[in-house]
Amino acid sequence: MQIDIAKPILDKNDRAAQRNRERLIEHGVFVVDLLASPGAGKTSTILATIEALRDTYRIAVIEGDIASTVDSEKIKEQDIPAVQVNTGGACHLESEMIRRALDALDLDELDLIIIENVGNLVCPTDFYLGEDLKVMILSVPEGDDKPLKYPGIFQVASAVILNKVDTMPVFDFNENAFREAVGQLNPTAPIFPIAATKGQGVQAWTEWLSAQVEARRAEAAE
């Protein structure tokens, strides 16, 4: 007899995620779950996104980390509401953690929540949090072979951000091979090359994100 210990955990998580989803829909809040490995530039991408969209949308951030409040403090310095979720060793966020974070936010005063998931290319792919979409960030220094090594995270992503493209001349990164690999795994996901700390490419990414928010609003209005 084979016992699948993951199924009960995921089922429980999905039920809580659906409750999160219903709550977010009720308040008209769009949620993006950002996935990446440590050091890929999740926080810098969030900061660049905030800078581009803060005059259009009311934004908050949920920061997931194993420990510390470093990233949430950076967000708060921009006068953006931020809730820190420390997992105490867990390699991903779960929907019940997000539920508690939502309790700490005034959802009636928000249009967009960005979740910075724990830095990991495996575990977060299986855990639905109630978000509208997942976006994966890969940085150039990590190498162009990551879609081959971690296909799951690219398959669940609605879009892929290729960060730190300003370092391309320094690293042996084959962008054509990367795009081909992503295209085979997820042919509908757009790829946005950016250098978050320099603002390069951020406009294309934020225009796409804004289009997703507006499309969801239009669906809700029908």
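Residues numbered from 1 in each chain as written. Predicted model: local features only at pLDDT ≥ 70, side-chain atom pairs only at ≥ 80, totals over all residues. Heavy atoms only, no water.

### Let's talk about the pairing of strand β1 (residues 30-36)
With seven of seven residues buried, β1 is to be regarded as a mostly interior element. Covered by surrounding structure in β1 are F30, V32, L34 and A36 together with V31, D33 and L35, the residues of both alternating faces. Across five bridges, the pairing between β1 and strand β4 (residues 112-116) is parallel. Bridge pairing links D33 to I115 in β4. Two strands pair when backbone bridges link them, and β1 and strand β5 (residues 133-139) are joined in this way by five bridges, in the parallel orientation. Bridge pairing in β5 places V32 opposite L133. (Buried < 20%, exposed > 50% of the residue type's maximum accessible area, 1.4 Å probe, protein only. Helix = DSSP H or I, 4+ residues; strand = E, 2+ residues; numbered from the N terminus. Pairing = 2+ DSSP bridges.)

### Quick word on the pattern of salt bridges
One pass over the full model with this rule turns up 16 salt bridges. Close ionic contact of D145 with K146 constitutes a salt bridge, the shortest N to O distance being 3.3 Å. Residue D145 is classed as partly exposed on the basis of its relative accessible area of 26%. Among the ionic contacts, a cluster of salt bridges with common partners joins R58, E109, D111, E214 and R217. (Salt bridge = Lys/Arg side-chain N within 4 Å of Asp/Glu carboxyl O.)

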